[in-house]
Protein chains: 4
Amino acid sequence: MRLLLDPQLNPATETGWRRRWFDIIYRHDSPPARNFDLALIAAIVASVAVIMLDSVPEYHSKYGRELYVLEWVFTGLFTLEYIARMVVVRRPVRYGLSSWGIIDLLSILPTYVSVLVPGAQSLLAVRILRILRLFRILKLTQYVDEGGMLIGSLWRSRRKIFVFLSAVLTVAVIFGAIMYVVEGPEHGFNSIPTSMYWAIVTMATVGFGDIAPVTPLGRFIASVLILIGYSIIAVPTGIYTAELATSLREASHTSKRDSRGCPECGLEGHDPDARHCRQCGNKLPARMG
Amino acid sequence: MRLLLDPQLNPATETGWRRRWFDIIYRHDSPPARNFDLALIAAIVASVAVIMLDSVPEYHSKYGRELYVLEWVFTGLFTLEYIARMVVVRRPVRYGLSSWGIIDLLSILPTYVSVLVPGAQSLLAVRILRILRLFRILKLTQYVDEGGMLIGSLWRSRRKIFVFLSAVLTVAVIFGAIMYVVEGPEHGFNSIPTSMYWAIVTMATVGFGDIAPVTPLGRFIASVLILIGYSIIAVPTGIYTAELATSLREASHTSKRDSRGCPECGLEGHDPDARHCRQCGNKLPARMG
Amino acid sequence: MRLLLDPQLNPATETGWRRRWFDIIYRHDSPPARNFDLALIAAIVASVAVIMLDSVPEYHSKYGRELYVLEWVFTGLFTLEYIARMVVVRRPVRYGLSSWGIIDLLSILPTYVSVLVPGAQSLLAVRILRILRLFRILKLTQYVDEGGMLIGSLWRSRRKIFVFLSAVLTVAVIFGAIMYVVEGPEHGFNSIPTSMYWAIVTMATVGFGDIAPVTPLGRFIASVLILIGYSIIAVPTGIYTAELATSLREASHTSKRDSRGCPECGLEGHDPDARHCRQCGNKLPARMG
Amino acid sequence: MRLLLDPQLNPATETGWRRRWFDIIYRHDSPPARNFDLALIAAIVASVAVIMLDSVPEYHSKYGRELYVLEWVFTGLFTLEYIARMVVVRRPVRYGLSSWGIIDLLSILPTYVSVLVPGAQSLLAVRILRILRLFRILKLTQYVDEGGMLIGSLWRSRRKIFVFLSAVLTVAVIFGAIMYVVEGPEHGFNSIPTSMYWAIVTMATVGFGDIAPVTPLGRFIASVLILIGYSIIAVPTGIYTAELATSLREASHTSKRDSRGCPECGLEGHDPDARHCRQCGNKLPARMG
């Protein structure tokens, strides 16, 4: 949730160029700000595409040089943007330590580090976190309500989901140990952690098949585990659906409550069939429509 | 949705043979029109079966000649039908550019093109789009209400599903990059796009097993990804179920309560079979419709 | 549903031994009838176990002779039971042609046929249908309500599920043809029916992995198919859950309607807050509890 | 359910050191009791980690000796704890035979037995049951309500789930026999139990792929089985969701409506913050609790 909150950073100055640039970079309600957002989205998507293409061996050998140049162009642009964000806010440190500030930094740092430290190639994958920056812009669109309701329902279900995951892990530990004993290393179950990995893959109905039971007893136990998983796969769905249905119902209930305010005490949100204010007992006006 | 709407094309002439054929081809409420529909369904199903059988090597080598002839027979029939549809409507161009008109054309064009352009064999698979033409007829049956409710609920959930798919794709990008670094090309994760494909296959609990983690760390990260996928697989189900339940409830609520108000005390929401107000006992007005 | 209905066969005679045996075989409310049911359950379970064990190569080679004898014992018992069922009802032909009568016959016929026709070994698997006979007895227990509600909800959802399956099949046909063109026979997609099998296995998130896309384009299309399948996997769950929730709510609503009957016209099922009968307007008695 | 209930064991003496230790070991509401709980959680987690690490070949060969010593340390601690639990309660036998007492004993016994009986190495996996002991402490936290609601809904759905599992098993038996005949031992379906294992793996959408149909007919039957499984996978989710939604609705309904009746007109079901009847405007009595 914290991640989705824009730092409510004040502009550095009330007027002047810094104020103007603050409005362009941090706000989204003027035409230049909107253009800035669109350009930023395009740059993020393009730079993520560059990272992905560069990881494909064929493209790397053919266009490696061009992709390398493009990566530095994007890193340069994002560095300029990072500096601009620092300059125009009143408290640059607070921005730098906010979750968005850290993501912004992680988007550019690995490219510089990979030059300085030769063996840090694998660090380059960290740049992919750039994609998270899209959400900073996305959250300002019309989709924020939808996302908010989905995340809100997940958030309210968090304790139930935690209990559920504990149960799943416990079953994975126990069945992992059983399968380690029953099937043993010769069929791929070569340690309890490996067996737990298999149990999670099986219960969640993923079923890679890289490890699979071979003995009749192992297959029987696997079937039992699958049926257990099948019976409790319903649980997170049930939790979430019930929670979301409640959210939707309450949203619709709120809109069904009528809009009459009590002329005496001003209380709103009366039941549609109420004739008297439930707080002061005053007669309510008749409903319209 | 557009796809499911029949073009409300006017007949070419108010009377005469074109009008008669318009009624047979575009309408569905007379015995000849019904027979035309049934013949069309049979021809579509049979021609799709011919395409499918022709793709099986054994049948192609044994009955290739017969299937080739049959294909031309069906193409001829559909061409005649296409011309007839063109002729009997007042605005043939508007039909030709409608979504149904384009599907009709794509059903016959590849067969002709494959003769003219020698290397266009793979175009033949386009003919399989013929199967969509079934829905033109299917939508006139009793199943249109059911389909409409299912699609309507999907449509109302579209923004929530878009948000959800964005989240899934972001998780796939991040975990794809992680697994590319952790497992590397020697275990099949030979590029970030390939790793993303693996991440989507894993999160959606498909789990082909063509690529699977081998290192302990990779397996641990895969387990985490599976548990994340397991927790959010509930989301689309929850969205859709809650939306559909609302549809069903509203449908049943609307049809079960009528709109008569008591002329004496004004109470509304009586049962459809009520003759007297349940609050004051006054006689209710007769129901309409 | 038909399958679950016991043929309401009249006893052959009103009194005498046939009547007594009818009560034992077809009814379930006296101690001897209950013992007959229990013995029948034991025999069915044991004979199914014999069939299953006989199919395991090790057991077949070790205990093949004993299992063969046991099979004939059970076939003899079930033949006696079949004859008894024929004899004690008034219309044996009607029993023989009912769904239960056919299942009873299929449970014993293959054993005899396998002796007369030497090559009919594979027919023996038909005997496994014996297991369905368990439901005849199971349906008389306390679980009949639960089963009835589950099947009832499925039955009411049948048209929505039919629409859903049509959509799944259409998507399978189209993606099957696409993958046949994109991946081709060299990667296992050797015909459109095979590709359709792959598409169904993928959309339903089973993912055997016996066939899996290898080319980048094929993997991209597979990811799209998975995300489509992921979005619509919610549909049957949504349909069924909404339907079942309605059943449960109605069941609970029915039980919440109060039990006051109108003293004037006898109508029952009033709303809990009703003061007057909704049919005749007579004042209702005050509610208790 | 029984497993989650702490034996309500009385302390051995009303005062003295045994009473003091009873409060520390069996109760959780004083600072020393809380410290004891935390230490126990740490010891359980650490000892389970030791068992898991010891099963990994690399760690076993490198640190086998250290892990062996650690295991004996934990076994010693848990033995001391077990004796302490025995000593401080008034009825040690009742504790020893309770489900928690048996789990406590199974946590330490295998280590001793493995010394006395040389071939009992596989017994060591039983020690993993220690992880269940975490729930004894976990259940005293804030998560007990969440867990209780989840288990309660599962418990109320148990008969529907039993019916569902019976149907799944019956379908697995029938399709297992069919696939055994159709595919046969040469494609991995080498007995009916093996085919049933495949059918369960397939219906539950796990799909390991260790066994997969090869013949066209087998693939067609597999597709049918998948679509059946796809249609009924909704059933447990539907059951559980509907049940949980009912629980949540009742919980929220109960807590949101209060039981005050209007002294004037008797209307019930007022909002909790209502001070006046919404029908007649009369002052409501003050709420209790």
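Nothing here was measured: the structure is a model prediction, and the numbers come from that model.

Engineer: Teacher, can you tell me more about the UniProt feature "transmembrane region" (unreviewed entry) in chain A here?
Structural biologist: Residue and element names in this part refer to chain A. Those places that UniProt annotates as "transmembrane region" (unreviewed entry) correspond, in this numbering, to residues 38–56, 68–88, 108–129, 161–182, 194–213 and 220–240. With 100% helix and 0% strand, residues 68–88 has its two end C-alpha atoms placed 30 Å apart. Here residues 194–213 is 50% helix and 0% strand, with 13 Å between the C-alpha atoms at its ends.

Engineer: Which parts of the structure should I look at to understand helix H5 (residues 99–116) of chain D?
Structural biologist: Since one α-helical turn is 3.6 residues long, residues separated by three or four positions face the same way. Between its terminal C-alpha atoms H5(D) stretches 26 Å, which fits the 26 Å expected from 18 residues at 1.5 Å a residue. Residues of H5(D) that are buried: D:Trp100, D:Gly101, D:Ile103, D:Asp104, D:Ser107, D:Ile108, D:Pro110, D:Thr111 and D:Ser114.

Engineer: I keep staring at the interface of chain C and chain D and nothing clicks. Help me out?
Structural biologist: Counting residues at the interface gives 47 residues for chain C, matched by 43 residues for chain D. Of the roughly 3900 Å² buried at the junction of chain C and chain D (both faces included), carbon and sulfur atoms supply 75%. Applying the counting criterion to the chain C and chain D interface returns 0 salt bridges. Our count for the contact surface shared by chain C and chain D stands at 1 residue pair in polar contact (both at pLDDT 80 or more).

Engineer: Help me out: how do you make sense of the pattern of salt bridges in this one?
Structural biologist: For side chains of opposite charge, pairing can occur when their charged atoms come near one another. Scanning the model with the defined rule gives 28 salt bridges over all chains in all. Close ionic contact of A:Arg85 with A:Glu81 constitutes a salt bridge, the shortest N to O distance being 2.7 Å. Note that A:Arg85 and A:Glu81 are positioned in helix H3 (residues 57–88) at a spacing of 4 residues, about one turn of the helix. For B:Arg130, the salt bridge identified is with B:Glu71, shortest N-O distance 2.9 Å. Of the two residues, B:Arg130 is situated in the loop between helix H5 (99–116) and helix H6 (133–138) and B:Glu71 in helix H3 (residues 57–88); the sequence distance between them amounts to 59 residues. A single network of salt bridges, built from pairs that share partners, joins A:Glu81, A:Arg85, A:Asp104 and A:Arg133.

Engineer: I keep staring at the environment of A:Leu53 and nothing clicks. Help me out?
Structural biologist: Residues and elements named next belong to chain A. Mapped onto the elements of the fold, Leu-53 is located in helix H2 (residues 31–55). Its relative accessible area of 36% is what places Leu-53 among the partly exposed residues. Counting along the chain gives 167 residues from Leu-53 to Phe-220, while the straight-line C-alpha distance between them is 45 Å. Contacts of Leu-53, omitting those with residues within four sequence positions, involve Tyr-59, His-60 and Leu-67.

Calculation criteria
- Residues numbered from 1 in each chain as written.
- Chains lettered and ligands numbered in written order.
- Predicted model: local features only at pLDDT ≥ 70, side-chain atom pairs only at ≥ 80, totals over all residues.
- Heavy atoms only, no water.
- UniProt positions renumbered as here; feature names shortened; annotations may be inferred.
- Helix = DSSP H or I, 4+ residues; strand = E, 2+ residues; numbered from the N terminus.
- Expected span 1.5 Å × (residues − 1).
- Buried < 20%, exposed > 50% of the residue type's maximum accessible area, 1.4 Å probe, protein only.
- Contact = heavy atoms within 4.5 Å.
- Buried area = accessible area lost by both parts, 1.4 Å probe.
- Salt bridge = Lys/Arg side-chain N within 4 Å of Asp/Glu carboxyl O.
- Polar contact = N/O pair within 3.5 Å; in protein donor to acceptor, adjacent residues only side chain to side chain.

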